[in-house]
Amino acid sequence: MPRIVRGVLITALVVVVLIWLESGFGASPGFQTVLPDAAWRQLVLFAMVNVVIALSLNVINGMAGQFSIGHAGFVGIGAYTGALVAGHLHVRLGSGDPQFANSFIVMPLVLLASGTIAALFGLLVGLPSLRLRGDYLAIVTLGFAEIFRLVIATAQTGGTAEGSVAKFLASLGGQNGYAGPEGNGVPQYAGPFWIFGSVIVATLIAWRIKFSGWGRALRALREDEIAASAVGVDPTRYKVVSFVIAAAGAGVAGGLFASMHDGSPTVQPDSFTFVQSFDAITMVILGGSGSVSGAIVGGVFVTVTVKLIEQLQGLESIQAFRADHPSIDLNALRMVVYAAVLIGLMILRPEGLFGEREIFRRKRPKKGGGDPDNNAAQKSQSTQESTQDSENSTPADKESTESASSKQATSETLTTAEGTAS
Amino acid sequence: MKILNAIIAGVAQGSMIALVSLGYTMVYGILKLINFAHSEVFMMGAFFGLFLTVGFGLDTSPMFAGVAGTLAAMVLAGLLGALVEKVAYAPLRARSGGRSNTNTRITPLVTALGMSVLLQNLAQLLFTARYRSYPQLLPIENARTIVFVVAVVVMIALQFLVYGTWFGKAMRAVSVNVEAARLMGIRTGRVISMTFVTGSMLAALGGILYCLSQSQVYPTMGVVIGTRSFVAAVIGGIGSIPGAVLGGVLIGVIGELTKLTPYSGLQDVIIFTVLIVVLLVRPSGLLGKAGIEKV
């Protein structure tokens, strides 16, 4: 089958599955059939939003090697923009329950607006700090995220506001959060269709960025900025554009977060603190900075553990324990454990779980392992792969490697089974 | 008159910020690393000061308790700083010579940030998140003068330490070139440890002085002051000790002056705007030297 036909078919199949998840073609929505429990649905959607955050942060932290530690700020900007756009459009469309058909009008505009605004702020922050060599981006993003949160959280909401800026900030609800233009909640248009769809698109974009000339230039910059600029890679341009891409991705994630199904109906400044930025960094570093699949695994893992701790706090035994030891704060404990894991990981295995490798693809020969023939074969394979870089995101390529690895895996399990039997 | 008062208050506040930013700038000068954990050492120093001052007997002789508590807290914070360096940064340095295939630039920043989060949450677990008031050792009107005088004395001492002693010479040598310094017989590891100890002691002193004039101790107090101090170091020219002092005083004065306007909440916005302007106009900072990088 020609590659293009296969591509179109797979895209159509994916779209049909996503629409089934959302609407169920007249029957109950597929997502509810798969996961009847609303809490689980919320967890899955939330994890997917976090995957988009991790993927976007991975572009600047992992691939370009510039340390941004205020990613939650851009997510927050996207979330507020998305909530504003969705809320006002919802009123225009006649309020009521959010319809799936209407989401085709609302969501593209929401995502476009949140992405664009976050990207503009990214440019504003990135341009002065990324011109310089050194870690200025870290401190500027840290300050930016904190300022964004404080400006919104401390806005005076009591009707005493004067001036258009103050009035606008007051309309965002201050510490209590923004709840739509009529104060009855942000309309929740982003169902599984939009959220899973965004994850797929974000993954494809991240993949194409990584295995392209652009991605190689970024990696060169990360390893040695002087050498890279000597061979014609303009550091400022590459770094700033990558940062703007990362900010736009964070903005889109924020837009999804604001209008997520089963999510909170208000957008609160406390959802975008330094803790969230640190979680995003943990997702990227844990999975392996620079690895697309690593960011996905990291995003899911961190979300699940955060949720798990929330669930644990509801248990009676834990509540009794907390009553006995009021000073023990489980969230602080989680942060201590995460930070310790991160430090240990940096010391023992600084490349993260996956390193720069991907799950479905063997880019580099294994270090020190295997016989030389095998190594040589892998090397030739990797050079071959890099020559086809522009094409290798087609499903055919992935499928073959995947099936090969799964075959290997099954044969391995078979031999171990035999071993235990004998 | 109001403006003059604000400037005086700003200089006192700024000299406290300068004490903290000295730690950032010294570590950056030597290791080219933003020591994110420095702001938590500042916070821990304030906690140590609080506990030790109370422990030394506040009722019997407040003056003795205050001074002894402060000195002991500085020693403890210095040990903490050395510990942070040993646990989080030294292993990376030992290894970075051998392997270059990993993301080497970002690794020390991640450990530094991890260390900061670790210490902050550890403090929350150990001391709980509630705000504790610091014992009022000095009458409030004198506190500013004391803060200013102590800060100036310490800075003169630091200037002597860096430019007048063997250790200071070794420190400057390491900051120019670690490898060459090692070849000249300087124990670089020890010099780096001592730099962390010095910086952390200054941070603890800054923390205690901060609490003397503001009178609250809590686990997240390091975040705001730490960020401001680092910005001060960058504005003054990172790696330059007089630059850190100038940047600190500048930020203190800006902070106090904004309190006169109706936009007192936007203090940090203005500080960051100043930072961005400085980065655009004079990237090496006000007193920093623009160095040529040789390859």
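Residues numbered from 1 in each chain as written. Chains lettered and ligands numbered in written order. Predicted model: local features only at pLDDT ≥ 70, side-chain atom pairs only at ≥ 80, totals over all residues. Heavy atoms only, no water.

K.L.:
Describe the packing of aromatic side chains, listing the residues and the values that go with them.
P.N.:
Residues and elements named next belong to chain A. By the definition in use, this model includes 21 aromatic pairs over all chains. When the ring of Phe 74 is compared with that of Phe 243, the centres are 5.6 Å apart and the planes differ by 80°; the resulting orientation is edge-to-face. Residue Phe 74 is located in helix α4 (residues 71-92), and its partner Phe 243 is located in helix α11 (residues 235-258); the two are separated by 169 residues in the primary sequence. Neither residue differs from the other here; Phe 74 and Phe 243 are each classed as buried. Taking 5.1 Å as the distance between ring centres and 85° as the angle between the ring planes, the aromatic pair formed by Phe 193 and Trp 194 counts as edge-to-face. Here Phe 193 matches Trp 194 in class, with each residue buried. The lysine or arginine in question, Arg 237, covers the ring of Tyr 238, its NZ or CZ lying 5.4 Å from the ring centre. (Phe/Tyr/Trp six-rings, centres within 6.5 Å; stacked < 30°, edge-to-face > 60°. Helix = DSSP H or I, 4+ residues; strand = E, 2+ residues; numbered from the N terminus. Buried < 20%, exposed > 50% of the residue type's maximum accessible area, 1.4 Å probe, protein only. Lys NZ or Arg CZ within 6 Å of the ring centre and 35° of its normal.)

K.L.:
So, the domain arrangement of chain A: which residues are in play, and what are the values?
P.N.:
All names here are of chain A. Partitioning chain A into domains gives domain 1 (1-34) and domain 2 (35-348). A straight line from the C-alpha centre of domain 1 to that of domain 2 covers 27 Å. Taken together, the contact between domain 1 and domain 2 spans 11 residues of the former and 14 residues of the latter. Here domain 1 meets domain 2 over a buried area of about 1100 Å², counting both sides, of which 76% is carbon and sulfur. Per-residue buried area on domain 1 facing domain 2 is highest for Leu 18, Glu 22 and Phe 31; these three make up 61% of the total on that side. Taken together, the links from domain 1 to domain 2 amount to zero salt bridges. On the surface where domain 1 and domain 2 come into contact, there are zero residue pairs in polar contact (both at pLDDT 80 or more). Taken together, the residues of the side of domain 1 that touches domain 2 sort by class into seven nonpolar, three polar and one charged. (Domains from an automatic or database assignment. Contact = heavy atoms within 4.5 Å. Buried area = accessible area lost by both parts, 1.4 Å probe. Salt bridge = Lys/Arg side-chain N within 4 Å of Asp/Glu carboxyl O. Polar contact = N/O pair within 3.5 Å; in protein donor to acceptor, adjacent residues only side chain to side chain. Nonpolar A, V, L, I, M, F, W, Y, C, P; charged D, E, K, R; others polar.)

K.L.:
Describe the side chain of Ser39(B), with residues and values.
P.N.:
Residue and element names in this part refer to chain B. Tracing the backbone shows Ser 39 in helix α2 (residues 38-55). Overall, the relative accessible area of 6% leaves Ser 39 in the buried class. Within the structure, Ser 39 has its side chain in polar contact with the backbone oxygen of Phe 36 (distance 3.2 Å).

K.L.:
Tell me about the packing of helix α13 (residues 292-314) of chain A against helix α14 (residues 316-324) of chain A, and name the residues and values.
P.N.:
All names here are of chain A. Following both chains from N to C, one finds α13 and α14 inclined at 75°, their axes separated by 5 Å at the closest point. When the interaxial angle is binned, α13 and α14 end up roughly perpendicular. Taking contact as the criterion, the partners of Leu 312, Gln 313 and Gly 314 in α13 are, on α14, Glu 316, Ile 318, Gln 319 and Arg 322. Of the residues belonging to the contact of α13 with α14, the class tally is two nonpolar, three polar and two charged. (Axes fitted to C-alpha atoms, helices over the stretch in contact; angles between N-to-C directions. Parallel < 35°, antiparallel > 145°, perpendicular 65-115°, else oblique.)

K.L.:
Could you give an account of the interface of chain A and chain B, with specific residues and numbers?
P.N.:
With 46 residues of chain A at the interface, the matching set in chain B holds 45 residues. Carbon and sulfur atoms supply 71% of the area that chain A and chain B bury against each other, a total of about 4200 Å² over both sides. At the junction of chain A and chain B, the tally comes to zero salt bridges. The tally of links from chain A across to chain B stands at one residue pair in polar contact (both at pLDDT 80 or more). Of all the secondary-structure elements, those providing two or more residues to the side of chain A that touches chain B are α3 (38-63), α5 (100-130), α6 (136-153), α9 (213-223), α12 (274-287) and α15 (330-348) of chain A. Looking at which element gives the most residues to the side of chain A that touches chain B, the answer is α15(A), with 10 residues.

K.L.:
Account for the environment of Leu158(B), with residues named and values stated.
P.N.:
All names here are of chain B. Position of Leu 158 among the secondary structure elements: in helix α5 (residues 140-164). With a relative accessible area of 4%, Leu 158 lands in the buried category. Between the alpha carbons of Leu 158 and Gly 168 there is a distance of 9.2 Å; along the sequence they are 10 residues apart. Excluding its chain neighbours within four sequence positions, the residues that come into contact with Leu 158 are Leu 22, Met 26, Thr 198, Leu 202 and Ile 241.

K.L.:
Summarise the pattern of salt bridges; cite the residues concerned and give the values.
P.N.:
Here the structure, examined in full by the defined rule, presents nine salt bridges over all chains. Glu146(A) serves as the salt-bridge partner of Arg149(A), at 2.8 Å between the closest nitrogen and oxygen. Residue Arg149(A) and its partner Glu146(A) are both found in helix α6; the two are separated by three residues, about one turn of the helix. In this structure, Asp268(B) and Arg228(B) form a salt bridge, with 3.0 Å as the shortest nitrogen-oxygen distance. Here Asp268(B) is found in helix α11 (residues 267-281), whereas its partner Arg228(B) is found in helix α9 (residues 221-236), with 40 residues between them in sequence. On the accessibility criterion, Asp268(B) (16% relative accessible area) is buried. What you see here is one network of salt bridges that share partners, running through Glu146(A), Arg149(A) and Asp270(A).

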